[in-house]
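# Summary of structural features
As a plain string of letters, each chain reads:
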Amino acid sequence: MCKNVIKGARDMTDTTFQEETIIRTSGSHNCGGRCIVKAHVKDGRIVRITSDDERPDTDKRPQLRGCLRCRAYRSYLYHEDRLKYPMKRIGKRGEGLFERISWEEALDTIADHTKRIMAEYGPEAIYLSYATGNAGKTSEQVWMRRLLALYGGYLDYYGTYSSACTNAATPYTYGTVNSGSSREDWVNSKLIILMGFNPAATIHGTNTAYYLKKAKEAGAKIICIDPLYSDTAVALADQWIPIRPTTDSALLDAMAYVIITENLQDQVFLDTYCLGFDEDHMPEGIPAGNSYKSYILGTGTDQVPKTPAWAERSTGIPREIIIQLAREYALNKPGALIQGFGPQRHAYGEQPPRSGAALAAMTGNIGIKGGWASGCGSPCRKQYVGSIPINNPCKAAISMYMWPLAIQKGTELGKREGVRGVDKLSANIKLIFNLAGNCLINQHSDTNGTAELLGDENLAQFIVVSDHFLTSSAKFADILLPGDNFMEREDIVLPWSAGDYVLFMNKAVDTVYECRNGYDWIRDLAERLELTAEFTQGKTLEDWLRFIVDETRKENPGFPSYEEFKEKGVYDWEYEEPAIAFKEQIEDPRHHPFPTPSGKIEFFSSRLWELDKPAEVPAIPKYIPAWEGPEDPLRGTYPLQCIGHHTKRRVHSMFDNNDWMEEAEAQVFWISIYDAKKRGIKNGERVCIYNTRGKVILTAKVTPRIMPGVISIPQGGWWSPDKEGTDQRGCINTLTKYQPTPLAFANPQHTNLVEVAKLDQMEAEK
Ligand code: SF4
């Protein structure tokens, strides 16, 4: 084990000077970052947690310093509510009543149900739910996939609750999601526009906020477009432009209108690299009037010019500001229009990534230093790291958001509902493994509706959950298993999105009570399915980690040995220059076409045209007014748009029960001074937020940091319904609607209309 003994280090627990052992590891949860986390261990307990403070800290390679969440991990690790033993359900499903059982009984029961359901319904009835509490290369998800693949297969999913729409949409423009340059290139930008992008809280790659700060120091102007005056805007923005949720494409359309009508577009770039911008560059056979330019100028099918005045009505942004923004972006080249994941998590979330990419193309900001191609922005530079082999013989996959429909009517779902790999599903979901995730209830839409669905044991017949705490999702388990956490295991973990490095996670402390590592218990499950030899190949967990390093070394000869990697805890790939997305395509288009069907940047996608769903999935990017958006007549009853922002105190729902984090940032919702005053609501007052789907009681933060007409509930609060079903903790999904988006079949969780009322008023109306 990698141990650095620091003599005379200060023990913060008893104020005497003791020896500590420092173990290097990293968080492996879905937090937006990956940092070096150092656990200071004394007498088998972690006494404090620090971060990367030894390695050289340079502009090219800043230290991987952690945020408050891993630093506060002791309060999570030693929490008295930690799950300690395997348990079986004794109450109604979802009630949260369990009794302790042995691991033998738990695994025997799981094996029996797996055998029965596989025999009765086949592999498409077995579903591994989307779960990101452990993103390590040898997580329990990985092992369960491997085992089920060997046992006959399982229904897979694609997409993520974070970025499904942009992942689905961006390739229709660029042929890939990898439209992001290296972040260190931002120092070359004159202007940076951040749309719904708040890395000060979401991290979005360790050090992303740092790179933005360096860009600002180098002279870049930073503009934040967001319904909230976010922490990133507070720290870095020269200008904050509040925008109504779901209307980003309307703003981008109007910017395009200004650029075109003032002839500010880079016409040479458009003529050289793009398809579908204007009527002279359309695919054959498409009727006139369907180009992007025709749509923007209102000379196409809808005959509506997308003027700044038109966009003002939807977005709430004054037309003068839209004109200013368009001119600044067109005239201050190179400029980076960077989109976060918030703008694409709505009813028509496929549109903003393509609208942003259209603007980047119009201004010629693609493939150049200081530019940014917009869209998904996943890094264009990737490194290979080995993986555990999984060969799922079942080819069926659904969008990660479609599982409730696959429980209810899986056999009716086919390609039109986003099913991949098969024409139609052959079974409804009957068995769910939810391992280190809270998307069964908490992070999924419409908690009340989902709870009712999962409560029906005739539908999903058996649910296995592994976690650290009795989360909202864990309450729906039939068998509940106590997992280990990242301080208690060894693993290898990749950066969350951006970063040219990989981390080794050393085990800091022993696992407590009867909590077990995923490999450990899934191997025992393999034995019950008579697959031990195939599953383990005779390997221990350490052997598998060595296997991953060996596979990595085959592709990267400079990669260190297992021992060296483990000792250092991190390996950095070295590059002379930042990577620029699509540089080759722009510099040498003949030899490097874009990976689209046409080889061009596709304003117009023939693939989308052929889907023949123009109102919801247009062939060119368009603003489509959202249901429960600012233009929905339902605003007469529910006048406030409700979104759910990420905070620096949680990793989605993880750490909601960490008291230290509650102290750092309490669970309160944001409401504007204007909207609060109109309802007589005071700062710090507990009020009711409601719509037809549910009610939430939560404390109000009355603030000028949110635009009027919008409220925001920090996403991730654990759903805690009282006897009447009113959530007492502030889980936004009590209010969200279950309605998949039209192309990605994804979660539109920022699309909600609600009303807010004082509690005495609610009582009076009962
Ligand atoms: S929570 Fe994520 S970003 Fe924060 S310290 Fe841990 S690994 Fe880094």
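Because the structure is predicted, anything quoted here is derived from the model rather than measured.

## Focus on the pairing of strand β10 (residues 221-225)
Counted residue by residue, β10 has four buried out of five residues, so it is predominantly covered. Direction of pairing for strand β9 (residues 191-195) relative to β10: parallel, over a ladder of five bridges. Within β10, the position partnered with I192 by the bridge is I222.

## Description of the side chain of N747
With respect to the helices and strands, the residue N747 is situated in the loop between β26 (710-712) and β27 (753-758). By relative accessible area, which is 2% here, N747 ends up buried. Polar contacts involving the side chain of N747 include one to the main-chain carbonyl oxygen of Y161, which spans 2.8 Å. A polar atom in the side chain of N747 sits 2.8 Å from the side chain of Q749.

## Details of the site of the ligand
In the vicinity of the ligand, the contacting residues are G27, H29, C31, G33, R34, C35, G66, C67, R69 and C70. Among the residues forming the shell around the ligand, the class breakdown is four nonpolar, four polar and two charged.

## Description of the sheet that holds strand β20 (residues 570-572)
In spatial order, the strands read β18-β19-β20; together these three strands make up an open sheet with antiparallel pairing. Where the open sheet ends on each side, the last strands, each with one partner, are β18 (491-493) and β20. Shown here is a sheet whose adjacent strand axes are inclined to one another by a mean of 15 degrees, direction ignored. Note: strand β19 (residues 501-505) against β20, three bridges, orientation antiparallel.

## Brief notes about the packing of aromatic side chains
Here the structure, examined in full by the defined rule, presents 37 aromatic pairs. Summarising the aromatic geometry, the rings of F604 and W609 are spaced 5.5 Å apart at their centres and angled 45 degrees between planes, so their arrangement reads as tilted. With a relative accessible area of 1%, F604 lands in the buried category. Through a chain of ring-to-ring contacts, the aromatic side chains of Y127, Y130, Y157, Y161, Y401 and Y738 assemble into a single cluster. K84 extends its terminal NZ or CZ atom over the ring of Y513, reaching a point 5.4 Å from the ring centre. One Lys or Arg, K306, reaches over the ring of W310 and ends 6.0 Å from the middle of that ring.

## A closer look at the sheet that holds strand β5 (residues 87-89)
Reading across the sheet, the six strands line up as β6-β5-β17-β16-β15-β7 and stay open at both edges, with mixed pairing between neighbours. In this open sheet, the two strands that pair with only one neighbour each are β6 (98-100) and β7 (126-128). Shown here is a sheet whose adjacent strand axes are inclined to one another by a mean of 20 degrees, direction ignored. Note that strand β16 (residues 462-467) and strand β17 (residues 479-482) share four bridges and pair parallel. Within the sheet, the bridge partner assigned to S466 lies in β17 and is L481.

## Concerning the nonpolar core
Counting 55 residues, the largest nonpolar core has Y292 and I366 as its most contacted members. Broken down by secondary-structure element, the contributors of at least two residues to this core are β9, β10, α9 (248-261), α10 (267-273), α11 (292-297), α12 (308-315), α13 (319-331) and α14 (351-362). Counting 50 residues, the second-largest nonpolar core is a separate cluster that includes A111, L147, F535 and F565.

## Regarding a negative patch on the surface
A surface patch of negative charge is lined by E80, D81, D659 and E663. With respect to the helices, strands and loops of the structure, E663 is situated in helix α23 (residues 659-664). Since its relative accessible area comes to 72%, E663 is described here as exposed.

## Remarks on helix α16 (residues 447-455)
Within the span of α16, buried status applies to T447, T450, A451, L453 and L454. Down the axis, α16 shows its buried residues gathered within 160 degrees of arc, on one side only.

## A closer look at the environment of I601
Residue position: I601 is located in strand β21 (residues 601-602). Assessed through its relative accessible area of 1%, I601 is described here as buried. A sequence separation of 67 residues divides I601 from E534, and the C-alpha atoms of the two residues are 46 Å apart. Contact partners of I601, with chain neighbours within four places excluded, come to T173, Y174, F269, Y273, C274, L275, A361, I366 and F594.

## Describing the packing of α9 against α12
If you want to describe how two helices pack, look at the angle between their axes and the distance between the axes. The interhelical angle for the contact between α9 and α12, taken along N-to-C directions, is 165 degrees, at an axis separation of 9 Å. Of the possible angle classes, the one that applies to α9 and α12 is roughly antiparallel. For the pair α9 and α12, the crossing hand works out as left-handed. Taking contact as the criterion, the partners of A250, L251, D253, A254, Y257 and V258 in α9 are, on α12, P308, W310, A311, S314 and T315. Among the residues making up the contact of α9 with α12, the classes are represented as eight nonpolar, two polar and one charged.

## Re the pattern of salt bridges
Charged atoms that come close allow side chains of opposite charge to pair. Applying the stated rule across the entire model yields 55 salt bridges. Across the pair R116 and E120 runs a salt bridge, and its minimum N-O distance is 3.8 Å. Within this pair, R116 and its partner E120 are both found in helix α3 (residues 103-121), separated by four residues, close to a single helical turn. Looking at R116, the relative accessible area reads 31%, which means it is partly exposed. Notably, a salt bridge pairs D302 with K306, separated by 2.9 Å at the nearest N-O pair.

## Looking at unusual backbone geometry
In this structure, the amide linkage connecting K333 to the following residue, P334, adopts the cis form with an omega of 0 degrees. Looking at the secondary structure, you find P334 in the loop between α13 and β13 (335-339). Phi at I203 is positive, roughly 70 degrees, even though this residue is not glycine. Looking at where I203 falls in the secondary structure, it is placed in the loop between α6 (199-202) and α7 (208-217). Its relative accessible area of 17% is what places I203 among the buried residues. If you check the backbone angles, D612 has positive phi at about 60 degrees while not being a glycine.

## A few points about the pairing of β9
The buried fraction of β9 amounts to five of the five residues, a majority that puts the element mostly inside the structure. Judged from the five bridges that link them, β9 and β13 form a sheet pairing that is parallel. Residue pairing across strands places L191 opposite G335, the latter belonging to β13.

## Here we look at the environment of E328
Within the fold, E328 resides in helix α13. Sequence separation between E328 and L191 is 137 residues, and the spatial gap between their C-alpha atoms is 8.0 Å. Excluding residues within four positions of it along the chain, E328 makes contact with L191, K221, I223 and Q239. Reaching out from E328, the side chain makes a polar contact with the side chain of K221 at a distance of 3.0 Å.

The rules behind these values
Every chain begins its residue count from 1, and numbering advances along the sequence as written. Per-residue local features are limited, in this predicted model, to residues with pLDDT of at least 70; the limit for side-chain atom pairs, both in listing and counting, is 80 or more; totals at the level of whole chains, interfaces and linings are taken over all residues. Derived side-chain values reflect all non-hydrogen atoms in the structure, with water molecules and hydrogen atoms excluded from consideration. The cut-offs for exposure are 20% and 50% of the maximum accessible area for each residue type, with area from a 1.4 Å probe on protein chains only; residues under the lower value are buried, those over the upper are exposed, and the others partly exposed. We count a stretch as a helix when DSSP gives it H or I for four or more residues in a row; a strand needs E for two or more, and each element gets its number in order from the N terminus. Here a strand pair is declared whenever DSSP counts at least two bridges between the two strands. Polar contact is the term for a pair of N or O atoms within 3.5 Å; when the atoms are in protein, one must be able to donate a hydrogen and the other to accept it, and sequence-neighboring residues count only if both atoms are side-chain atoms. In this text, near means that some heavy atom of the residue lies within 4 Å of the molecule or strand in question. In this count, Pro and Cys sit with the nonpolar residues alongside Ala, Val, Leu, Ile, Met, Phe, Trp and Tyr, while Asp, Glu, Lys and Arg are called charged and the others, Gly among them, polar. A fitted line through C-alpha atoms serves as each axis, taken over the contacting stretch for helices, and the angle formed by two N-to-C directions is quoted from 0 to 180°. Pairing of aromatic rings covers Phe, Tyr and Trp, the last through its six-membered ring, and needs centres within 6.5 Å; plane angles under 30 degrees mean stacked, over 60 mean edge-to-face, and all others mean tilted. Two limits define a charge over a ring: the Lys NZ or Arg CZ must be within 6 Å of the ring centre, and within 35 degrees of the ring normal. Note on terminology: a nonpolar core comprises buried Ala, Val, Leu, Ile, Met, Phe, Trp, Tyr and Cys residues joined through side-chain atoms within 4.5 Å. Like-charged residues are merged into a patch within 9 Å and nonpolar side chains (Val, Leu, Ile, Met, Phe, Trp, Tyr) within 5 Å, provided each residue has over 30% relative accessible area and no salt bridge. Per-residue accessibility takes into account occlusion by the displayed protein chains alone, with areas from the Shrake-Rupley method and a 1.4 Å probe. Salt bridges are counted wherever a side-chain nitrogen of Lys or Arg sits within 4 Å of a carboxyl oxygen of Asp or Glu. Under the convention used here, Asp and Glu are negative, Lys and Arg are positive, and both His and the chain ends fall outside the count. A single reference atom marks each charge: NZ on Lys, CZ on Arg, CG on Asp, CD on Glu. Directions drawn from the helix axis to the C-beta atoms are what define this arc. Residue contacts follow a heavy-atom distance rule, with two residues in contact if any of their heavy atoms lie within 4.5 Å. Roughly parallel means an angle under 35 degrees; roughly antiparallel means over 145; roughly perpendicular covers 65 to 115; every other angle is labelled oblique. The sense of a crossing depends on the near helix, which, turned anticlockwise from the far helix by less than a right angle, makes the crossing left-handed and, turned clockwise, makes it right-handed.

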